[in-house]
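Fold and geometry: a report
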Amino acid sequence: MSEFLRMNGMYWGVAAMDLMGKLEKMEKDKIISFLVSCQDTSGGFRPVEGHDPHLLNTLSAVQVAVMFDCLDSIDTEAVVKYVVARQKEDGSFTGDEWGEVDNRFCFCAVATLALLDRLEAVDTYKTALFVRSCINFDGGFGSRPGAESHAGLIYTCLGTLAITQNLHMVDQDKLAWWLAERQLPSGGLNGRPEKLPDVCYSWWVLASLAILGRIHWVDRDKLVTFILACQDSETGGFADRPGDLPDPFHTLFGVAGLSLLGDTTVKDVNPVFCMPQYVLDKVGVEHQVLE
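This one's a predicted model, so the numbers in the text were calculated from it and none came from an experiment.

1. Thoughts on the packing of helix 10 (residues 220–229) against helix 11 (residues 248–260)
- The interhelical angle for the contact between helix 10 and helix 11, taken along N-to-C directions, is 155°, at an axis separation of 10 Å. Here helix 11 runs roughly antiparallel to helix 10, going by the angle between their axes. For the element pair helix 10 and helix 11, the recorded crossing hand is left-handed. Here V224, I227 and L228 of helix 10 come into contact with helix 11, specifically with G254, G257 and L258.
- The residue makeup of the contact of helix 10 with helix 11, split by class, is 4 nonpolar, 2 polar and no charged.

2. A word on helix 10
- By the burial criterion, the buried members of helix 10 are L223, V224, F226 and I227. With its buried residues spanning 160° around the axis, helix 10 presents them on a single face. For helix 10, exposure combined with an orientation more than 90 degrees from the buried face picks out D221 and T225.
- Capping of helix 10 at its N-terminal end is provided by D219; its side-chain oxygen lies 3.2 Å from the backbone amide nitrogen of D221.

3. Details of unusual backbone geometry
- The backbone of D69 shows a phi angle near 55°, a positive value even though the residue is not glycine.
- Turning to its location among the elements, D69 is positioned in the loop between helix 3 (55–67) and helix 4 (76–85).
- Given a relative accessible area of 58%, D69 falls into the exposed group.
- The residue D117 is not glycine, and still its phi comes out positive at about 60°.
- With respect to the helices and strands, D117 occurs in the loop between helix 5 (103–115) and helix 6 (124–132).
- On the accessibility criterion, D117 (67% relative accessible area) is exposed.

4. Brief notes about the nonpolar core
- Grouped together as the largest cluster of nonpolar side chains are 100 residues, with contacts concentrated most on Y11, L115, F141, W203, L252, F273 and M275.
- Per element, the largest residue contribution to this core is 10 residues, and it comes from helix 5.
- Every residue in contact with F273, bar those within four places of it in the chain, is listed here: Y11, Q63, A111, A114, L115, Y155, I163, L280, V285 and H287.

Criteria and cut-off values
- Residues numbered from 1 in each chain as written.
- Predicted model: local features only at pLDDT ≥ 70, side-chain atom pairs only at ≥ 80, totals over all residues.
- Heavy atoms only, no water.
- Axes fitted to C-alpha atoms, helices over the stretch in contact; angles between N-to-C directions.
- Helix = DSSP H or I, 4+ residues; strand = E, 2+ residues; numbered from the N terminus.
- Parallel < 35°, antiparallel > 145°, perpendicular 65-115°, else oblique.
- Left-handed = near helix turned anticlockwise from the far one by under 90°.
- Contact = heavy atoms within 4.5 Å.
- Nonpolar A, V, L, I, M, F, W, Y, C, P; charged D, E, K, R; others polar.
- Buried < 20%, exposed > 50% of the residue type's maximum accessible area, 1.4 Å probe, protein only.
- Arc of directions from axis to C-beta.
- Polar contact = N/O pair within 3.5 Å; in protein donor to acceptor, adjacent residues only side chain to side chain.
- Core = buried A, V, L, I, M, F, W, Y, C linked by side-chain atoms within 4.5 Å.

Function cannot be inferred from these measures alone, as they are strictly geometric.
In structure tokens form, the structure reads like this:
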């Protein structure tokens with residue numbers, strides 16, 4: 001049931017361990033072998049052997065390769081060709097050969113190319129224009145034009161605009177206000193109005209506010225309390241909400257959220273790539289943020 005999440009799960013685990021300064025505890029050689037086995041002849045990455053390649057898995061694979069400094073183990077030129085083939089005439093990207101368009105895929109495409117220092121391979125301005133066409137009356141973004149604003153999609157859209165140096169297209173304070181309103185009395189954040197709080201939005205919302213230069217618009221102490229209440233006392237992992245079962249997805253975003261909030265027990269996280277900042281500094285990846 002979880003095979004389609006294997007490559008994403010590898011990224012969640014590796015990134016969390018790197019942020020906590022425990023990357024050496026991961027089995028690097030086995031992980032590299034897994035990456036290599038998942039690269040398709042098209043250049044894209046599959047979640048596991050026997051599945052189709054997809055941009056979601058391709059970004060995760062490249063992120064892991066960058067964190068382990070093993071890009072030479074994969075065919076990066078084939079990755080670039082796979083990403084380029086996903087761009088449509090309007091600047092958007094399909095996730096795979098079957099044609100679904102979603103702003104998540106725009107982010108995956110430009111983030112992958114930025115990590116490989118190959119952004120020039122696609123028309124980034126057209127992509128930025130497509131993202132701009134998805135802005136809603138409330139300042140937020142959805143998965144495509146006309147879709148409901150959602151914090152997860154807002155993060156991907158801001159990430160795309162930050163990487164392509166087009167954050168001027170955003171109404172900074174209007175969007176930041178919508179994001180700040182996601183904080184509930186519990187201190188946790190939700191992804192859209194009338195929804196429950198969830199630790200993963202400690203990343204999607206906070207990272208978006210960090211990109212906008214408005215992270216101080218939420219109550220830091222209440223959010224830290226909520227995140228820590230979601231940590232399981234037996235396994236150490238984080239769940240979506242207090243009392244639920246922990247998983248690698250929420251564990252990474254809980255740890256990354258704490259980093260954004262200034263927790264010095266973990267490394268500084270980059271708000272666009274959700275990777276340790278030192279890794280991006282090492283490979284020379286930069287992006288735009290607002291003040």
